[in-house]
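Geometric and topological summary
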Amino acid sequence: MTIEIISTNRVSNNATYQRIKHVSKSTKTDMIFGLFLPSNYEKDDASKMLTPVLYWLSGLTCDDTNFAIKAGPTAFEEAEKQGIALVMPDTSPRGENVPNVDSYDLGVGAGFYINATSPPYDDHYHMYTYITEELPQLLEAEFSLGCDNLKSICGHSMGGHGALSIALKQNEGQWASVSAFSPICNPTDCPWGKKAFEAYFGSVEKGKEHDATVLLSQQKEQVYDEILIEQGSDDQFLAEQLKPEALEKAAQSVGQTLKINRRDGYDHSYYFISSFIKDHLAFHGKRLTKKKRQLLVKKSSADQYGFSETQGKVITCKAMVARAPKQPLEHETITVDPPKAGEVRVKVIANALCHTDVYTLDGLDPEGLFPCILGHEAGCIVESVGAGVTSVVPGDHVVPCYTPQCCEASCIFCQSPKTNLCPAIRSTQGQGVMPDGTIRFKDSNGKPIYHFMGCSTFSEYTVVAEISCAKISKEMPLDEACLFGCGVSTGLGAVWNTCKMEINSSVAVFGLGAVGLAVVQGAKMAGASRIIAVDVNSSKFDDAISLGATDTVNPKDLPEGTSVQSHIVGMTKWGCDYTFDCTGNVEVMRSALECAHRGWGTSCVIGVAASGHEISTRPFQLVTGRVWKGTAFGGFKSRRDVPLLVERSLTGEIPVKHFISHKFYDVDKTNDAIDALHSGNCLRAVVKY
């Protein structure tokens, strides 16, 4: 199918809005539609196939541009946030040979999303087929959008009628959700609908096949979990043309959940649409995301990757090998041995870069061994398991955790609610080997390559101990799940587990990388009344504020001779109830302690300092009631708690997408991700393999 891109505009972050023309077989004319593509679309074929799409059907007199021009700035921002594409088709065929009348509610601009059967309209006015068949086929073929019916529909006025009638006619999974603004709910009983159906079908009676109220009343059961309608109370067409009460009555008769938001003072215009379009995009985003996750579960079986062919055999794959400190990683072909007893071999799908990886690569880790394969924040699929492994099977989705959980009754650490520091494999993990003291990686010359933190996820395949595998829901995208492997969990857990922060507490967070922002997010969720965000890079403050920070402090902006701790004490009179260091800088750790509240303040060390560095303060700081403590993995017991965090993320309680500031594709782009992490404007760089 030949398409012509008329124009392309950059909008909302790195998203794009295009106008596209093609020859339509349905209408026998050229048709133009608008297409918004979110920034996560233009990366690889895999992401395109799972980019959801929302159809927007416009109202009388509109063309493909009205929505983009009048509601686009608001809509595109939310669509970008939700990661969904928007398609905005024209409202009718156009052209010299297209029949038209001198009336705004019939002919050009008023196609009513039906297939006309009466002349002179029957040759071109086939908008129903265009919207339900031709355009979906084009979007799937040319843009990989709407695959597996990963699509929803919404519209305004005549377009609201189109959205409702189409979704109710195609109600067997073709659409994930439907909503409308000021829709013509009962067109066979209103002037607009009667006029259109008489002209296009030859009778109003035939229009019942496209009347949402009639279609809904014919359903035998609820067909959508909810239908959302937005209606302004000052809409000049409300009583005579729109008739939402008729649709409401039909919904009640068949048990269909219908939510009509009646908005006081709003009319029929695009001002109304712009005011509430974010709510509708979030409504569709939630349902499209759920359907996307269901598709991922369906697609992610062990056989999808041919695991049955590799189990029990040595796997040859690509990896990024750290050959020496302060040197770029080497893209190499390596071999990965099958898992031994108590071990699991996994295929790494996505890996997030953590400062701990860079810390080791820079030679600052006393346990750092070379050559090694770094990486410890990943989302993976189990390829095979060794003898005795019972908690996971091939095809399971897992997050490898550098803090294991053996769960043995004899392990006083696993049995204690006070800690998550299971020592079962700590000694071998620090030596860069598996629990039995051997290595599973070899380079192309057959020489061994050390493991790292029990994970080594800068490789397409890796082997980890069973007690390091947190089995998670397959509904969670692995490029988001990986964030729970270290930084995000650590920040949240420092607040919830290590400090057990009370509601209405005051908080200071030093360092606004991913861990620091996770602390801000966790503190907000825990009910903190004041959150002071501290960083020497003021560009990070907007992110902190969006997650709940109430105050920001850049130590560089303070008067000469004023310490940041004295400034914060001055802001709060006695200091903060809880302070968190997320920098790994021992001087900052001291600052965090010394602005903790006199008498009861707690300061938590999260950042990892370079080897050989020591913390210091005057003993009087502790004598006067301050507590200094640290946290590893936020106190979470990995195999028990990571799956629970993922479930809370799936429900929307713990959103994590905002942490992903950079995305790269293929393992060989890991050095680019490291460069991004060094840039100062990167929270988490995720590499999809």
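As the structure is a computational prediction, the values presented were derived from the model and not from experiment.

Procedures and definitions
- Residues numbered from 1 in each chain as written.
- Predicted model: local features only at pLDDT ≥ 70, side-chain atom pairs only at ≥ 80, totals over all residues.
- Heavy atoms only, no water.
- Helix = DSSP H or I, 4+ residues; strand = E, 2+ residues; numbered from the N terminus.
- Rg over C-alpha atoms; globule rule 2.2 N^0.38 Å.
- Buried < 20%, exposed > 50% of the residue type's maximum accessible area, 1.4 Å probe, protein only.
- Contact = heavy atoms within 4.5 Å.
- Areas by Shrake-Rupley, 256 points an atom, 1.4 Å probe, with all protein chains shown as cover.
- UniProt positions renumbered as here; feature names shortened; annotations may be inferred.
- Core = buried A, V, L, I, M, F, W, Y, C linked by side-chain atoms within 4.5 Å.
- Phe/Tyr/Trp six-rings, centres within 6.5 Å; stacked < 30°, edge-to-face > 60°.
- Lys NZ or Arg CZ within 6 Å of the ring centre and 35° of its normal.
- Domains from an automatic or database assignment.
- Buried area = accessible area lost by both parts, 1.4 Å probe.
- Salt bridge = Lys/Arg side-chain N within 4 Å of Asp/Glu carboxyl O.
- Polar contact = N/O pair within 3.5 Å; in protein donor to acceptor, adjacent residues only side chain to side chain.
- Nonpolar A, V, L, I, M, F, W, Y, C, P; charged D, E, K, R; others polar.
- Expected span 1.5 Å × (residues − 1).

1. Concerning the overall build of the protein
Each helix and strand counted, the protein has 23 helices and 26 strands in total. Against the 2.2 N^0.38 benchmark of 26 Å for 689 residues, the protein shows a C-alpha radius of gyration of 29 Å, consistent with a compact globule. Overall, the C-alpha framework of the protein stretches about 90 × 65 × 45 Å when taken along its three principal axes. Counting every position in the protein, which comprises 689 residues, the buried fraction comes to 59%. Looking at the protein alone, contacts between residues at least 24 apart form 72% of all its contacts between residues at least 6 apart. For the protein, the exposed surface amounts to about 27300 Å²; the carbon and sulfur share of it is 49%.

2. Looking at the UniProt feature "domain: Alcohol dehydrogenase-like C-terminal" (unreviewed entry) in the protein
In this numbering, the UniProt entry assigns the feature "domain: Alcohol dehydrogenase-like C-terminal" (unreviewed entry) to residues 514–643. Taken end to end, residues 514–643 is 37% helix and 15% strand, and its two terminal C-alpha atoms sit 20 Å from one another.

3. Quick look at the nonpolar core
If you look at the biggest cluster of nonpolar residues, it comprises 94 residues, and the most contacted ones within it are Ile334, Leu483, Phe484, Phe580 and Val642. By residue number, the principal contributor to this core is helix α17 (residues 514–525), which donates 7 residues. Not counting residues within four places of it along the chain, the set of residues in contact with Ile334 comprises Ile315, Thr316, Cys317, Ala319, Val321, Ile373, Phe441, Lys442, Asp443, Ile449 and Ser459. Tyr125, Leu145, Cys185 and Leu216 belong to the second-largest nonpolar core, a separate cluster that totals 62 residues.

4. Brief notes about the packing of aromatic side chains
For the coordinates displayed, the defined rule picks out 17 aromatic pairs. Seen from their ring centres, Phe112 and Phe197 are 6.3 Å apart, and the 65° between their planes marks the pair as edge-to-face. Note that Phe112 is positioned in the loop between β5 (85–89) and α4 (127–143) and Phe197 in helix α6 (residues 191–201), a separation of 85 residues in sequence. Classification of Phe197 as buried rests on a relative accessible area of 0%. With 5.7 Å between their ring centres and 40° between their planes, Tyr266 and Phe272 make a pair best called tilted. Judged by relative accessible area, Tyr266 falls into the partly exposed class, the value being 30%. Taken together, the aromatic side chains of Trp56, Phe67, Phe181, Tyr266, Phe272 and Phe276 make up a single cluster linked through ring pairs. One residue, Lys151, lies across the ring of Trp175, its end atom 4.3 Å from the ring centre. The ring of Tyr128 has Lys169 sitting right over it, with the charged end atom 5.6 Å from the ring centre.

5. So, the domain arrangement of the protein
As assigned here, the protein comprises domain 1 (3–300), domain 2 (314–486 + 639–688) and domain 3 (499–630). Computed from C-alpha atoms alone, the centre-to-centre distance between domain 1 and domain 2 is 44 Å. Tallying the contact residues gives 8 residues for domain 1 and 11 residues for domain 2. Interface of domain 1 and domain 2: buried area, both sides summed, is about 940 Å²; carbon and sulfur atoms make up 55% of it. The interface formed by domain 1 and domain 2 contains 0 salt bridges. The interface formed by domain 1 and domain 2 includes 2 residue pairs in polar contact (both at pLDDT 80 or more). Examining the composition of the side of domain 1 that touches domain 2, we find that 3 residues originate from one element, helix α10 (residues 270–299), more than from any other. Split by residue class, the side of domain 1 that touches domain 2 holds 2 nonpolar, 3 polar and 3 charged.

6. Here we look at helix α22 (residues 638–650)
With 13 residues, α22 should reach 18 Å at 1.5 Å per residue; the first-to-last C-alpha distance of 18 Å fits that figure. Positive backbone phi, approximately 95°, marks Gly652, located one or two places after α22.

7. Here we look at the pattern of salt bridges
Oppositely charged side chains can pair when the atoms bearing their charge come close. Within the structure shown, the criterion is met by 28 salt bridges. The residue Asp443 makes a salt bridge to Arg323 at a minimum N-O spacing of 3.1 Å. Residue Asp443 is found in the loop between β15 (441–442) and β16 (448–449), and its partner Arg323 is found in the loop between β10 (315–321) and β11 (330–336); the two are separated by 120 residues along the sequence. The exposure class assigned to Arg323 is partly exposed, which follows from its relative accessible area of 33%. Residue Asp535 pairs with Lys540 through a salt bridge whose shortest N-O separation is 4.0 Å.

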